[in-house]
Amino acid sequence: MMFSNEFSLFFALVACIISWIQPVHGQTISGIVTSSDQSQLLEAITDAPSFASGSGSADIAIDETTVYQQMVGFGGSMTDSAALAMNNLKNADPAAYNKLLKDSFTTEGAALNYLRVPIGASDFSSSSYSLDDTSGDTSFTSFNISSAPAYLFSTLADIYAVNPNVKIHILPWSPPAWMKDGNTMNGGSLKSDMVSSYPTYLLKAVQGFKAKNLPIAAVSIQNEPQNSNPTYPSCTIDASTQATLAKSLRSLLNSNSLTDIKIIGYEHNWDDTSSYTIPMVDDAPNAFEGVAFHCYGGQVSETAAFSAQFPNIPMYQTECAGTTGSDWWTDVQWYVNNLWSANNTATGMMWIFASADNGKSPYPGSNSCGDGCRGMSTVTTSTVTFNQEYYSMAHFARAFTSDDGSTLGKRIQASVSDSTFNVVAYATGDKYSLVVLNSGGSSQKSISFQGKQATFTFPTGLTTLSWTGSNTSTKRMIKKRRIGA
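Residues numbered from 1 in each chain as written. Predicted model: local features only at pLDDT ≥ 70, side-chain atom pairs only at ≥ 80, totals over all residues. Heavy atoms only, no water.

### Thoughts on the overall build of the protein
Next, step 1: Each helix and strand counted, the protein has 10 helices and 24 strands in total.
Next, step 2: Its C-alpha atoms put the protein at 80 × 55 × 45 Å along the principal axes.
Next, step 3: A buried classification covers 57% of the 485 residues belonging to the protein.
Next, step 4: Of the roughly 18,600 Å² of accessible surface on the protein, a fraction of 50% belongs to carbon and sulfur atoms.
Next, step 5: Computing the positive centroid from 27 side-chain charges and the negative centroid from 38, the protein places the two 8 Å apart. (Helix = DSSP H or I, 4+ residues; strand = E, 2+ residues; numbered from the N terminus. Buried < 20%, exposed > 50% of the residue type's maximum accessible area, 1.4 Å probe, protein only. Areas by Shrake-Rupley, 256 points an atom, 1.4 Å probe, with all protein chains shown as cover. Lys, Arg positive; Asp, Glu negative; His and termini not counted. Charge placed at Lys NZ, Arg CZ, Asp CG, Glu CD.)

### So, the state of the cysteines
Next, step 1: Here the structure, examined in full by the defined rule, presents two disulfides.
Next, step 2: Between the sulfur of cysteine 295 and that of cysteine 320 lies a disulfide, 2.1 Å long from S to S. One quick way to see it: the torsion about the S-S bond of cysteine 295 and cysteine 320 is about 85°, and its sign makes the bridge right-handed. Taken together, the residues span a long stretch of sequence, with cysteine 295 in the loop between strand S10 (290–294) and helix H8 (304–309) and cysteine 320 in the loop between strand S11 (315–319) and strand S12 (322–323) at a distance of 25 residues. (Disulfide = S-S within 2.5 Å.)

### Quick look at the packing of aromatic side chains
Next, step 1: Taken as a whole and judged by the stated rule, the model has 28 aromatic pairs.
Next, step 2: Taken together, a centroid distance of 5.1 Å and an interplanar angle of 65° make the contact between phenylalanine 51 and tryptophan 467 edge-to-face. Separated by 416 residues along the polypeptide, phenylalanine 51 in the loop between strand S2 (43–44) and strand S3 (52–53) and tryptophan 467 in strand S23 (residues 461–468) bring together distant segments of the chain.
Next, step 3: For phenylalanine 51, a relative accessible area of 1% puts it in the buried group. (Phe/Tyr/Trp six-rings, centres within 6.5 Å; stacked < 30°, edge-to-face > 60°.)

### Here we look at the pattern of salt bridges
Next, step 1: Scanning all chains against the criterion turns up 10 salt bridges.
Next, step 2: Close ionic contact of lysine 90 with aspartate 158 constitutes a salt bridge, the shortest N to O distance being 2.9 Å. Separated by 68 residues along the polypeptide, lysine 90 in helix H2 (residues 80–92) and aspartate 158 in helix H4 (residues 150–162) bring together distant segments of the chain.
Next, step 3: Classification of aspartate 158 by relative accessible area gives buried; the value is 18%.
Next, step 4: Note that glutamate 319 and arginine 116 form a salt bridge whose closest N and O atoms lie 2.9 Å from each other. Here the residue glutamate 319 occupies a position in strand S11, and arginine 116 occupies one in strand S6 (residues 114–119), the gap between them amounting to 203 residues. (Salt bridge = Lys/Arg side-chain N within 4 Å of Asp/Glu carboxyl O.)

### Remarks on the nonpolar core
Next, step 1: Ranked by internal contacts, the top residues of the largest apolar core, which has 107 residues, are Met78, Ile170 and Phe396.
Next, step 2: The greatest single-element share of this core, amounting to eight residues, is contributed by helix H10 (residues 388–400).
Next, step 3: In contact with methionine 78, not counting residues within four places along its chain, are Ala83, Met86, Leu115, Arg116, Val117, Pro118, Leu152, Thr155, Leu156, Ile159 and Phe353.
Next, step 4: Ile412, Ala414, Tyr432 and Ala454 belong to the second largest nonpolar core, which has 23 residues in total. (Core = buried A, V, L, I, M, F, W, Y, C linked by side-chain atoms within 4.5 Å. Contact = heavy atoms within 4.5 Å.)

### With respect to helix H3 (residues 94–105)
Next, step 1: For H3, with 12 residues, the first-to-last C-alpha span of 16 Å sits near the 16 Å given by 1.5 Å per residue.
Next, step 2: Along H3, the residues classified as buried are Tyr97, Leu100, Leu101, Asp103, Ser104 and Phe105.
Next, step 3: Here the buried face of H3 lies against H2, S6, H4, strand S16 (377–379), strand S17 (384–386) and H10. (Expected span 1.5 Å × (residues − 1).)

### Observations concerning the environment of serine 255
Next, step 1: On the secondary structure map, serine 255 appears in helix H6 (residues 239–255).
Next, step 2: Accessibility expressed as a relative area gives 56% for serine 255, which makes it exposed.
Next, step 3: It is 16 Å that separates the C-alpha atoms of serine 255 and serine 197, two residues lying 58 residues apart in sequence.
Next, step 4: Side-chain polar atoms of serine 255 contact the backbone oxygen of leucine 252, separated by 3.0 Å. (Polar contact = N/O pair within 3.5 Å; in protein donor to acceptor, adjacent residues only side chain to side chain.)

### Brief notes about helix H7 (residues 273–283)
Side chains that are three or four residues apart share a direction in an α-helix, a result of its 3.6 residues per turn.
Next, step 1: Within the span of H7, buried status applies to Thr273, Tyr276, Thr277, Ile278, Met280 and Val281.
Next, step 2: Its buried side turned inward, H7 meets H6, strand S9 (262–269), S10 and H8.

### Digging into the sheet that holds S6
Next, step 1: The eight strands are arranged S5-S6-S7-S8-S9-S10-S11-S13 in a closed barrel whose pairing can be described as parallel. Each adjacent strand pair in this sheet contributes to an overall mean axis angle of 30°, direction not counted.
Next, step 2: As judged from the four bridges shared by strand S5 (residues 73–77) and strand S13 (residues 345–352), these two strands associate in the parallel manner. In the sheet register, serine 77 faces S13, and the bridge partner there is isoleucine 352.
Next, step 3: The sheet strands contacting helix H9 (residues 328–340) are S5, S11 and S13, and the helix crosses S13 at an angle near 135°. (Pairing = 2+ DSSP bridges. Axes fitted to C-alpha atoms, helices over the stretch in contact; angles between N-to-C directions.)

### Description of empty space enclosed by the protein
Space left empty within the atom packing is revealed by a probe, the size of a water molecule, rolled over the atoms.
Next, step 1: The full count for this structure, using the stated rule, is one cavity of 30 Å³ or more.
Next, step 2: Here the largest cavity defines a volume of roughly 40 Å³.
Next, step 3: Every residue lining the largest cavity is listed: Trp270, Phe293, Val300, Thr303, Tyr316, Gln317, Asn338, Ala342 and Thr345.
Next, step 4: Across the lining of the largest cavity, the residue classes break down as five nonpolar, four polar and no charged. (1 Å grid on protein atoms, 1.4 Å probe; cavity = no way out; pocket = protein on both sides within 12 Å on 5 of 7 lines; lining within 4 Å. Points joined across faces, edges and corners; volume = space filled by probe spheres on them. Nonpolar A, V, L, I, M, F, W, Y, C, P; charged D, E, K, R; others polar.)

### A look at the sheet that holds S17
Next, step 1: One open sheet holds the three strands; their spatial order is S14-S16-S17, and the pairing between them is mixed. Across the chains shown, the open sheet's two edge strands, defined by having one partner strand only, are strand S14 (354–355) and S17.
Next, step 2: The pairing of S16 with S17 spans three bridges and is antiparallel. Residue serine 377 lies in a different strand from S17, and its bridge partner there is phenylalanine 386.

Dropping the structure here:
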């Protein structure tokens, strides 16, 4: 009897090991395609390939043992105007509104999960307001989170209801007018005698959003701190002052049991990476848990200077506006090559999530966005149209998000031999995904992964392929690198 029990235990152990390894051989690959001519938009592939034995080099090689950055999420800014467009649709057609939410924020759609929300008015608000407009109220006894429109909070709550894994990142376009040198939210700078008080305002904003039962994940000190535009809410804050504010805010968050809230710095263009972000973080290395970039100046390659100096601090891409009237396929390629596949970035975000009118600023007298900054979606009371920003982003968000939306993956090494291809790969548990931009003609390529190969004919466009493989990280075989791709 003892002999039988030992053998039973042995075979049970072998079976467990075999099931744990999950061999790639024979594993069918699923996927979605968005073609350059828009004849296919996130359509499921019909010619699913499978991994099989193969030898020799492959056109696309995936190395899951080299791991790069942890992904944080993809999404856009939920301004007052974006929330209003969505709320108007909700009132006019609740079914269409619910479909918009599911198509955007669940894994059945684009799997978006990251929203950037202004603290007070932005250039896409209909009026000027802060969350405390009582002059001289440095104790912020008059602070009122409900100064923001009610439909902003109801829209955020609806998104949270369909995706409980969504993250909200808040930030001001301007401090309250009475805290600034020009006594206006439009342009100007934070008064030097308000530097000690302003972090409390930001703390109150975090607490106010949390009191609305919204999942606040991060707060930035200031949107575009080198922009002083006199026609809409804006404010200049130099690198040294931003570091001082961040250190004080970090202390306040920690002492109020908000240690999980990240502080993100900078929030401006690529071209001032070295002159602003590096001295800022040097001055407050324990305060910042990320730096954020916008796409309106310089080149994305300029962020390499920051990652070389601070390899363990994530870089966020938090704003880039679509241009009204631009070419659909040209935009998709630019977004993929400069934003979604950029080295080291943990987030991918566009400007407004939704707009009813091609993204024209509703702020009185604003010169923001000129003829319009196209939203990720165009939302009226009768129609919803997803734009190129949505489709290009969806291919990546779905790739690094688990099927139930609860887990986000890490980027892993992928290489390609064809210069008309751009490839990015992710590992999310035992789910592996490959996102391919093919800017040339339809082309069959071989793919190698864990010693096996598959072939697939990639159309001109974007393709995301996903499959299950053995997660070598559980066997401590991964050569860990936090960032670098």
